[in-house]
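Chain by chain, the residues run as shown.
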Amino acid sequence: MKEKLEISVKKALKTLSIEAESVSFEHPTEISHGDYSTNIALALSKHSKENPRVLAEKIVGEINKKLPKEIHKVEVAGAGFINFFLSKEFFVEQTAEILAEGQNFGRNSSLKKEKVVIEYTNPNPFKQFHIGHLMNNAIGESLSRIVDASGAKLTRVNYQGDVGLHVAKALYGMMHSSRPLPKEESLEKQIAYLGESYVAGATAYEENEEAKKEIQEINKKVFEKSDKEINKLYEWGRKISLEDFERLYQKLGTKFEHYFFESEAGAIGKKIVLEYLEKGVFEKSDGAIIFPGEKHALHTRVFINSQGLPTYEAKELGVSQMKYDMYRYDLSLVVAGNEINDYFKVLTRVIAILYPELADKIKHIPNGMLRLASGKMSSRKGNVILGNDLISDVEKLVEEKMKDRELPAGQKKEIVEKVAIGAIKYSILRQSPGKDIIFDLDKSLSFEGDSGPYLQYTAVRANSVLEKAKEMKIKSSAKDGEGEVNLVEKMLYRFPEIVELSLKEYAPQYIATYLIELAGAFNSYYGNTKIINTDPGVSYRLSLTEAVKIVLANGLNLLGIQVPEKM
């Protein structure tokens, strides 16, 4: 629609002997001010030295000489804004289009033929999956779905730290534990054992100098794979960690195409650093190899430590190379915490020097912290808030709300899980990715608006209306509209624009906000309109209801949220 409006405005300007490279449009804040608005008259008046309102009236006069069928009327407002009101015919056609396209409504081809790799979640084996990973996963999965809906050839990848000091600390805790390995116990108990071992090792590393030296030696042996007993412990811990992660990914609705590991990336990164050390990109310093960031208005980072081991920076360099070798991508998105913003600038600069062709293809999408009322997490001290625990707590509250519902146990369990996951994901995705989030259990499950369950409930409500109509053998039809244009109609057609905006800014919150506004418009319509009756307008009202159901389902799917059959 924006393209058609731009053509109409440009034709009017040409008639007035005025050229404009582009015309921008936005939706007025107040629905009563129209469906689209442009400030083109104000922008051009600076050069033409003509009163902007007078110029706007001239433009509107030309548009009105041949008004497109999609436009009901055009008005001049304020100092020279031009407001467009779309026709009832347009809205009826849009409703029909939504019904025809179904699950495909909102998809576009803006990334057609582009190869996009998205890296996200990135938990570390030997450490437990905490709510920071939950936040990262929600953002990464939603961005993946938005990219996929834009026509790209998408690959989801996960980069996991299966070597490093955190592994050595956990192994130290296991080696010095009075408990035997819980090999025959449940996965939950095995993961809890790993978590306890990590905390014990991390504490010993900070408080005991001898333990610190031993952990550093364990770290080296893990890299070298030189100790059979350590290797056995390592393989066991790595295996159960990855099994636990996979169970969570399934619950969260994520499936990765490939997993990268630091144990693979380290050797590649080290080789790259040593190669470019000879070329002067890196420098030696106190037995380590560094990138002298100060020379590039950045900060210095160590890429190979004094023990000759690759650091996180070198491993990241290695995985960047591995990803490109494997996928030859056009764009690589890395969803990671905003605490690495400065570090990522250094990495991007190093890549720009080593591989100039990749520099503009790699983009960091930062995410903030997810907190509860207790404040920031710390996995070192063991008071980390685990992803499983948060999901379990939310599920218990959902079960409490549903305790009076008589449903088969299997169906109730499915609803509880979908509502809980939806509540958590929406709470994360309703805000821009870079911001910290305070998770409120009660607000996340509110049915009064601005929550995942509210959106799910609205979709279920729309579906129940359609099911009732089906039982009554009443069919929906978008051939003929009914009455004046309503707010639901004015909201529905905007969905594809919102999807494109979310892609452009890598910001799922635009979809979340839009869905809340659409749900509010439909619930108001539902409360004030008898959708099913015997008058001729029933078919169109049902088509609007079906269109709402489709758009809500499509939008929630882009957020990674499922719609239950009942609530």
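The rules behind the values
- Residues numbered from 1 in each chain as written.
- Predicted model: local features only at pLDDT ≥ 70, side-chain atom pairs only at ≥ 80, totals over all residues.
- Heavy atoms only, no water.
- Core = buried A, V, L, I, M, F, W, Y, C linked by side-chain atoms within 4.5 Å.
- Buried < 20%, exposed > 50% of the residue type's maximum accessible area, 1.4 Å probe, protein only.
- Helix = DSSP H or I, 4+ residues; strand = E, 2+ residues; numbered from the N terminus.
- Contact = heavy atoms within 4.5 Å.
- Salt bridge = Lys/Arg side-chain N within 4 Å of Asp/Glu carboxyl O.
- Axes fitted to C-alpha atoms, helices over the stretch in contact; angles between N-to-C directions.
- Parallel < 35°, antiparallel > 145°, perpendicular 65-115°, else oblique.
- Left-handed = near helix turned anticlockwise from the far one by under 90°.
- Nonpolar A, V, L, I, M, F, W, Y, C, P; charged D, E, K, R; others polar.
- pLDDT = per-residue confidence, 0-100.

A. Region of the structure containing the nonpolar core. Ranked by size, the top nonpolar core spans 92 residues in total, and within it V147, V394, L455 and L492 carry the most contacts. For this core, the leading source of residues is helix α20 (residues 538-558), giving 11 residues. Other than its neighbours up to four places away in sequence, L455 contacts Y426, L515, I516, A519, L552 and L556. Counting 35 residues, the second largest nonpolar core, distinct from the first, contains F260, L317, V319 and A336.

B. Local environment of the pattern of salt bridges. On inspection of all chains with the given rule, the structure shows 33 salt bridges. Between E62 and K65 there is a salt bridge, and its shortest N-O distance comes to 3.1 Å. Pair noted here: E62 and K65 are both in helix α3 (residues 52-65), with a separation of 3 residues, about one helical turn. A relative accessible area of 18% places E62 in the buried class. Judged by its relative accessible area of 64%, K65 falls in the exposed class. Note that K239 and E243 form a salt bridge whose closest N and O atoms lie 2.6 Å from each other. Taken together, the residues K239 and E243, both in helix α9 (residues 228-252) and 4 residues apart, mark about one turn of the helix. Salt bridges linked by common partners bring E141, R145 and R156 together as one network.

C. Focus on the packing of helix α6 (residues 165-175) against helix α8 (residues 209-224). Packing of α6 against α8 leaves a shortest axis separation of 8 Å and a crossing angle of 115 degrees. In this view, α6 runs roughly perpendicular relative to α8, as classed from their interaxial angle. Relative to α8, α6 is oriented so that their crossing is right-handed. Between α6 and α8, the contacting residues are L165, A168, K169, L171, Y172 and M175 on the first element and A211, E214, I215, I218, N219 and V222 on the second. A per-class count over the contact of α6 with α8 returns 9 nonpolar, 1 polar and 2 charged.

D. Main features of unusual backbone geometry. Residues other than glycine seldom take positive phi values, yet T121 does so here, at roughly 80 degrees. Since its relative accessible area comes to 3%, T121 is described here as buried. Positive phi, normally seen in glycine, also occurs at K473, with a value near 60 degrees. Here K473 lies in the loop between α16 (452-471) and α17 (487-492).

E. Broad picture of the confidence of the model for the chain. For the chain, per-residue confidence averages 92 on the pLDDT scale, and residues scoring 70 or more make up 98% of the total. Model confidence for the chain, summarised as mean pLDDT per element, is weakest for strand β12 (residues 370-371) at 82 and strongest for strand β4 (residues 115-119) at 98. Confidence drops under pLDDT 50 across residues 376-382; counting only partners more than four residues distant or on other chains, this segment forms 22 contacts.

F. Region of interest: the packing of helix α1 (residues 2-15) against α3. It is the contact of α1 with α3, at a shortest axis distance of 9 Å, that shows an interaxial angle of 110 degrees. In terms of orientation, α1 lies roughly perpendicular with respect to α3. Relative to α3, the crossing made by α1 is right-handed. The residues of α3 that touch α1, namely those facing S8, V9, A12, L13 and T15, are I59, E62 and I63. Considered class by class, the residues forming the contact of α1 with α3 number 5 nonpolar, 2 polar and 1 charged.

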